[in-house]
Amino acid sequence: MPIIGGLDIHRKQITFDYLDTVTGEVRRGQVSPADRAHLRAWLARFAGRDDVAFAMEGCTGWRYVAEELAAAGIAAHVGEPADTAFARGRKRHAKTDKTDSRHLRQLLAEGRLPECWIPPAQVLECRALLETYHDLRREHTAWIQRIHAVFFHQGAPALGEGALRTEAALAALREAAAVHLSPAGQLQIATDLDMLAAVEARMDTLRRQLREAARRLTGARVLADRLYGVGPVAGLAMTCWLGGAGRFSSSRKAVRFAGLDVTVYSSDGKRSPGHLSRQGPEILRWVVYEAGKTHARAAAPGHDYYAAVKDRTDGKIAALSQARKIIRQACHILAELGDDALTVT
């Protein structure tokens, strides 16, 4: 490539550093503010050229930058942030935006950039919906916990497991709040219930969108059909983060990508052994863990293995073991499908 460059992305500005390999000229500067319009105007200087490539880290903001580069006919390369930082080696000077953009340009020129896969637009949209749904699930749990905490903090009788599941149970909850809680506590409960209703309404809308997207995406349909415990949402998440031809050379790497691998001893003392690494997409770990728990059913094909692990350790470890198996199986299925897994019908 006659022009090779690096882009360091921040909320306020994008720092660029690019080299014209024909003339040897290096140009540096900033695009500010960092938005589509200003980036598109800056990229106009490369109009009509098909020999330009830029590298960037896969941090917040990479999506719109990669999209604008592609629209301008420029090759976009996204680097894995941790591996990109590791490739820098021991830090000898202060880390700045200029040095970061130069570092990315040098890695790309030398062919050492640890590249990430750039998903197609429909996969990025599904990922955004899945992440929003997961955020709402956590918010839903948090509001329920607040309700239980208010009752306990004011010494009211403990609420049962199904205290928030039916209209009758909610009516009984409001009556209990009026009897046992102070005015401020009653206001807390009323606020919590209003927020729960709003979150549940938005979750219902998103759940329908996700099921429709899973029904149309080939990989999600195949995973839901072939893997026990994998429903539309789980199949969609695994397809969006594990699908694509040549993504993983082995299923073990897919398990590591999901953050379900067990850590080992590290000499620097910062990493305790025997725990999950918890790296990678949190939504992916959640859906496969929930799928793994379904093997507690006697009719599940992996129930014997689940029961053996549970007897030896506990149910959580058993579900995690099944989750790893599901990731491996999904990786093999998606590898067979290749890019067809991401086709929309």
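Placed above this text is the structure.
In this report, we go over the structure that sits alongside the text. Quick caveat: nothing in here was measured; it's all calculated off a predicted structure. (Residues numbered from 1 in each chain as written. Predicted model: local features only at pLDDT ≥ 70, side-chain atom pairs only at ≥ 80, totals over all residues. Heavy atoms only, no water.)

1. Considering the environment of Gly162
Heads up, the condition is: Each helix corresponds to a stretch of at least 4 residues labelled H or I by DSSP, and each strand to a stretch of at least 2 residues labelled E; elements are numbered beginning at the N terminus. For every residue, the accessible area obtained with a 1.4 Å probe (protein chains only) is divided by the maximum for its type, and the residue is called buried under 20%, exposed over 50%, and partly exposed between those limits.
When you line up the elements, Gly162 lands in the loop between α5 (121-153) and α6 (167-180). When its relative accessible area of 36% is taken as the criterion, Gly162 is described as partly exposed. Note: C-alpha distance between Gly162 and Thr21 (141 residues apart in sequence) is 68 Å.

2. Description of the pairing of strand β2 (residues 14-20)
As a general feature of sheets, a regular strand has side chains that alternate between the two faces. Operational definition: Any two strands with at least two DSSP bridges between them are considered paired.
Summarising burial for β2: seven of the seven residues are buried, a large majority. The pairing of strand β1 (residues 3-9) with β2 spans seven bridges and is antiparallel. Among the inter-strand pairings, Ile3 is bridged to a residue of β2, identified as Asp20. Taken together, β1 and the strand that follows it, β2, pair antiparallel across an intervening segment of four residues.

3. Brief notes about the sheet that holds strand β5 (residues 75-79)
The strands making up a sheet associate through hydrogen bonds between their backbones, and the pairing can be parallel or antiparallel. Rule in force here: Angles shown run from 0 to 180 degrees and are taken between the N-to-C directions of axes, each axis being a line fitted to C-alpha atoms and, for helices, limited to the stretch in contact.
Spatial ordering of the open sheet is given by β3-β2-β1-β4-β5, a layout of five strands whose pairing is mixed. Every interior strand has two partners, whereas the edge strands, β3 (26-31) and β5, have only one. Neighbour to neighbour, the strand axes of the sheet diverge by 20° on average, direction disregarded. The pairing of β2 with β3 spans six bridges and is antiparallel. Following the sheet pairing, Ile14 is matched in β3 by Val31.

4. Remarks on the packing of aromatic side chains
As a reminder of what qualifies: Only rings of Phe, Tyr and Trp enter the pairing, Trp through its six-membered ring, and a pair is recorded when the two centres are within 6.5 Å. The plane angle decides the type: under 30 degrees is stacked, over 60 is edge-to-face, the rest tilted. Criterion for a charge above a ring: Arg CZ or Lys NZ at most 6 Å from the ring centre, at most 35 degrees from the ring normal.
A full pass over the atoms with the stated rule returns ten aromatic pairs. Aromatic side chains Trp42 and Phe54 sit 5.8 Å apart centroid to centroid with 65° between the ring planes, which places their arrangement in the edge-to-face category. Placement of Trp42 in helix α1 (residues 36-43) and of Phe54 in strand β4 (residues 52-57) is noted, with a sequence separation of twelve residues between them. By relative accessible area, Phe54 is classed as buried at 0%. These aromatic residues form a ring-pair network of at least three members: Phe16, Tyr18, Trp42, Phe46 and Phe54. For Arg146, the ring lying beneath its charged end belongs to Trp143, and the centroid distance is 4.2 Å. A cation over a ring is seen here: Lys325 above Tyr305, with NZ or CZ 4.6 Å from the ring centre.

5. Brief notes about the side chain of Arg105
Stated formally: A 3.5 Å cut-off defines polar contacts: any pair of N or O atoms within that distance qualifies, except that in protein one atom must be a possible hydrogen donor and the other a possible acceptor, and neighbouring residues in sequence count only when both atoms are side-chain atoms. A contact between two residues is defined here by any heavy atoms of the two lying within 4.5 Å.
Relative to the assigned elements, Arg105 resides in helix α4 (residues 97-110). Here the side chain of Arg105 touches Asp17 through a polar contact of 2.8 Å, side chain to side chain. If sequence neighbours within four positions are ignored, Arg105 has contacts with Ile4, Gly5, Gly6, Asp17, Leu19, Val26 and Arg28.

6. A short note on unusual backbone geometry
Generally, phi is negative for residues other than glycine and the peptide bonds are trans, each holding for most cases. For the bond running from Ser32 to Pro33, omega is -5°, close enough to zero to count as cis. Mapped onto the fold, Pro33 is located in the loop between β3 and α1.

7. Concerning the layout of surface pockets
To be explicit about the condition: Residues are called lining when one of their atoms sits within 4 Å of a cavity or pocket point, these points coming from a 1 Å grid over the protein atoms alone, where a cavity is a set in which a 1.4 Å probe fits but cannot get out and a pocket is an open set with protein on both sides within 12 Å along at least five of seven lines. Grid points are joined across faces, edges and corners, and a volume is the space filled by probe spheres set on the points. Asp, Glu, Lys and Arg are counted as charged, while Ala, Val, Leu, Ile, Met, Phe, Trp, Tyr, Cys and Pro are counted as nonpolar; the rest, among them Gly, fall into the polar class.
Counted as a void, the largest pocket has a volume near 1300 Å³. Residue lining of the largest pocket: 30 residues in total, with Glu80, Cys116, Phe257, Gly280 and Pro281 positioned closest to the centre. Elements supplying a minimum of two residues to the lining of the largest pocket: α2 (62-71), α3 (81-86), α5, α10 (251-257) and α11 (282-293). By residue number, the principal contributor to the lining of the largest pocket is α5, which donates four residues. Space inside the second largest pocket adds up to approximately 640 Å³. In terms of lining, the second largest pocket is formed by 22 residues, of which the most central are Leu276, Arg278, Tyr289, Lys316 and Leu320. If you list the elements that add at least two residues to the lining of the second largest pocket, you get α5, α7 (183-216), α11 and α13 (315-337). The residue makeup of the lining of the second largest pocket, split by class, is eight nonpolar, five polar and nine charged.

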